Amino acid sequence: EDQVTQSPEALRLQEGESSSLNCSYTVSGLRGLFWYRQDPGKGPEFLFTLYSAGEEKEKERLKATLTKKESFLHITAPKPEDSATYLCAVQAEGNNRLAFGKGNQVVVIP
Amino acid sequence: GAGVSQSPSNKVTEKGKDVELRCDPISGHTALYWYRQSLGQGLEFLIYFQGNSAPDKSGLPSDRFSAERTGGSVSTLTIQRTQQEDSAVYLCASSLGYSGSSYNEQFFGPGTRLTVL
């Protein structure tokens, strides 16, 4: 069974204090790893897809990286508007569903 | 363009009643998914539709849950004889569908918050 574990569960950052979120996964053949952002009361918003180990993608203050066992979402010089829950999900070869972790809840304090 | 829409946004029902939740996917997206998000839990896959193929129902938690997709577009998730443990946010997503070596990302709607009293 595909498993995704995210850590830390919750993180409080001062504005400008860079940090990283971890997503460890177990999957029988990775088709893709996905990062989403979810604000309270809203659906997940797509951020990145990573397909193979060594791949990196960036968007504004966010950078996602992938190894064979885990992915990191680096937040550089965060701002209060980066406060959200960040969700990691994997899709296995031969499968169409996403298996999600429980998320990293990030609060950025001005 | 318009994103995935879901209705109603909130639904409160009494235990034992049936409910229907609706999803309108992004125009042109052939794949449609339903997930459930319970408090403190990750998103849980329920069902997947791809074009005219038979749906993947392997995530439905019981036979009280069913879903259909009419005309390859709008989908309805039905929960019969609702129980308190069915209380959750039900999320719909759509994508262009898998093709060749590229995977098309799933885009989510705002969800329907279901409360069973």
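Quick look at the structure, then.

Reading the values: the criteria
- Residues numbered from 1 in each chain as written.
- Chains lettered and ligands numbered in written order.
- Predicted model: local features only at pLDDT ≥ 70, side-chain atom pairs only at ≥ 80, totals over all residues.
- Heavy atoms only, no water.
- Helix = DSSP H or I, 4+ residues; strand = E, 2+ residues; numbered from the N terminus.
- Rg over C-alpha atoms; globule rule 2.2 N^0.38 Å.
- Buried < 20%, exposed > 50% of the residue type's maximum accessible area, 1.4 Å probe, protein only.
- Contact = heavy atoms within 4.5 Å.
- Pairing = 2+ DSSP bridges.
- Axes fitted to C-alpha atoms, helices over the stretch in contact; angles between N-to-C directions.

With respect to the overall build of chain B
Reasoning step 1: Counting its secondary structure elements, chain B contains 0 helices and 10 strands.
Reasoning step 2: Overall, chain B shows an N-to-C arrangement of helices and strands of β-β-β-β-β-β-β-β-β-β.
Reasoning step 3: Its C-alpha atoms give chain B a radius of gyration of 14 Å, near enough to 13 Å, the size a compact globule of 117 residues would have.
Reasoning step 4: With respect to the three principal axes, the spread of C-alpha positions in chain B is 45 × 30 × 30 Å.
Reasoning step 5: Here chain B, with 117 residues, has 48% of them falling under the buried criterion.
Reasoning step 6: Sequence separation of at least 24 residues holds for 56% of the intrachain contacts in chain B that already meet a minimum separation of 6.

A look at the sheet that holds strand β3 (residues 19-26) of chain A
All names here are of chain A.
Reasoning step 1: Pairing in this open sheet of 5 strands is antiparallel, and the strands run β1-β3-β8-β7-β6 from one edge to the other. Only two strands of the sheet have a single neighbouring strand rather than two, namely β1 (3-7) and β6 (56-59). With direction set aside, neighbouring strand axes in the sheet form an average angle of 15°.
Reasoning step 2: With 5 bridges connecting them, strand β7 (residues 62-66) and strand β8 (residues 70-75) associate as antiparallel partners. Bridged to L62 within β8 is I75.

A few points about the sheet that holds strand β1 (residues 5-7) of chain B
Through backbone hydrogen bonds, the strands of a sheet pair up, either in parallel or in antiparallel fashion.
Residues and elements named next belong to chain B.
Reasoning step 1: Reading across the sheet, the 4 strands line up as β1-β3-β7-β6 and stay open at both edges, with antiparallel pairing between neighbours. Here the strands that pair on one side only, and so sit at the sheet edges, are β1 and β6 (65-69). Neighbour-to-neighbour, the strand axes of the sheet open up by a mean angle of 15°, direction not taken into account.
Reasoning step 2: The pairing of β6 with strand β7 (residues 75-79) spans 5 bridges and is classified as antiparallel. Within β7, the residue paired with R69 across the bridge is S75.

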